[in-house]
Amino acid sequence: MKNYISTGDRLSFTSGADIASGDAVQLGALFGVATGDIATGAEGTIKLTGVFDLAKAPSQSWAIGAKVYWDATNWRATTTASGNTLIGAAALAVGGGASETIGRVRLNGTV
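Residues numbered from 1 in each chain as written. Predicted model: local features only at pLDDT ≥ 70, side-chain atom pairs only at ≥ 80, totals over all residues. Heavy atoms only, no water.

### Observations regarding the overall build of the chain
Broken down by element type, the chain carries 0 helices and 9 strands. Computed over its C-alpha atoms, the radius of gyration of the chain comes to 15 Å, within 12% of the 13 Å expected for a compact globule of 111 residues. Dimensions of the chain along its principal axes, counting C-alpha atoms only, are 45 × 35 × 25 Å. A total of about 6100 Å² of accessible surface is found on the chain, and carbon and sulfur atoms cover 52% of it. Distance from the positive charge centre (8 side chains) to the negative charge centre (8 side chains) of the chain: 11 Å. (Helix = DSSP H or I, 4+ residues; strand = E, 2+ residues; numbered from the N terminus. Rg over C-alpha atoms; globule rule 2.2 N^0.38 Å. Areas by Shrake-Rupley, 256 points an atom, 1.4 Å probe, with all protein chains shown as cover. Lys, Arg positive; Asp, Glu negative; His and termini not counted. Charge placed at Lys NZ, Arg CZ, Asp CG, Glu CD.)

Below you can see the structure in the form of structure tokens.
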């Protein structure tokens, strides 16, 4: 295949802000997790697929397989669809306690 570029599970881009390794990044119709620290104006990479622990809405329980959305206003994952962007599915059930603020998400590669 002369036109093959890559597996498509990572994307390089030039950052408009400082990003820490493991931070969530939304680039238009793509959502991923930074693979390393990226300084403003530097080139970095995000991982578009895989399973990641992300900040989640507190007091919200998740069942395995529940659709997970990105709340760009509050910078966290949520199962609330309205006004948010689909990023994947819950890969682990999590309780709804106020202190349960991390959710395991299997990213779907697009938003």
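The rest of the description comes next.
### Let's talk about the environment of Trp-62
Tracing the sequence through the fold places Trp-62 in the loop between strand E5 (49-55) and strand E6 (67-71). For the pair Trp-62 and Phe-31, spaced 31 residues apart in sequence, the C-alpha to C-alpha distance is 20 Å. When near neighbours in sequence (up to four residues on either side) are disregarded, Trp-62 contacts Lys-56, Val-68, Ala-77, Thr-78, Thr-79, Ala-90, Ala-93, Val-94, Gly-103, Arg-104 and Val-105. (Contact = heavy atoms within 4.5 Å.)

### Observations regarding the pairing of strand E9 (residues 102-108)
Every second residue of E9 is oriented toward a common face, the buried set being Gly-103, Val-105 and Leu-107 and the non-buried set Ile-102, Arg-104, Arg-106 and Asn-108. With 7 bridges connecting them, E5 and E9 associate as antiparallel partners. Within the sheet, the bridge partner assigned to Val-51 lies in E9 and is Arg-106. Relative to E9, strand E8 (residues 85-90) is paired through 3 bridges, and the arrangement is antiparallel. For Gly-88, the partnering residue across the bridge sits in E9 and is Leu-107. (Buried < 20%, exposed > 50% of the residue type's maximum accessible area, 1.4 Å probe, protein only. Pairing = 2+ DSSP bridges.)

### Focus: the environment of Gln-26
With respect to the helices and strands, Gln-26 occurs in strand E2 (residues 24-27). With a relative accessible area of 28%, Gln-26 lands in the partly exposed category. Sequence separation between Gln-26 and Trp-70 is 44 residues; the distance between their C-alpha atoms is 8.9 Å.

### So, the sheet that holds E9
On the basis of which strands lie adjacent, the open sheet formed by 5 strands has the order E5-E9-E8-E6-E7 and antiparallel pairing. The two strands at the open ends of the sheet, each matched to only one other strand, are E5 and strand E7 (76-78). For this sheet the average axis-to-axis angle between neighbouring strands, irrespective of direction, equals 45 degrees. (Axes fitted to C-alpha atoms, helices over the stretch in contact; angles between N-to-C directions.)

### Describing the packing of aromatic side chains
Under the definition given, this model contains 2 aromatic pairs. When the ring of Phe-31 is compared with that of Trp-70, the centres are 5.1 Å apart and the planes differ by 50 degrees; the resulting orientation is tilted. With Phe-31 in strand E3 (residues 30-34) and Trp-70 in strand E6, the pair connects residues that are 39 residues apart, well separated along the chain. The exposure classification of Phe-31 matches that of Trp-70, with both residues buried. What makes Trp-70 buried here is its relative accessible area of 3%. Following the ring pairs from residue to residue traces out a cluster consisting of Phe-31, Trp-70 and Trp-75. (Phe/Tyr/Trp six-rings, centres within 6.5 Å; stacked < 30°, edge-to-face > 60°.)

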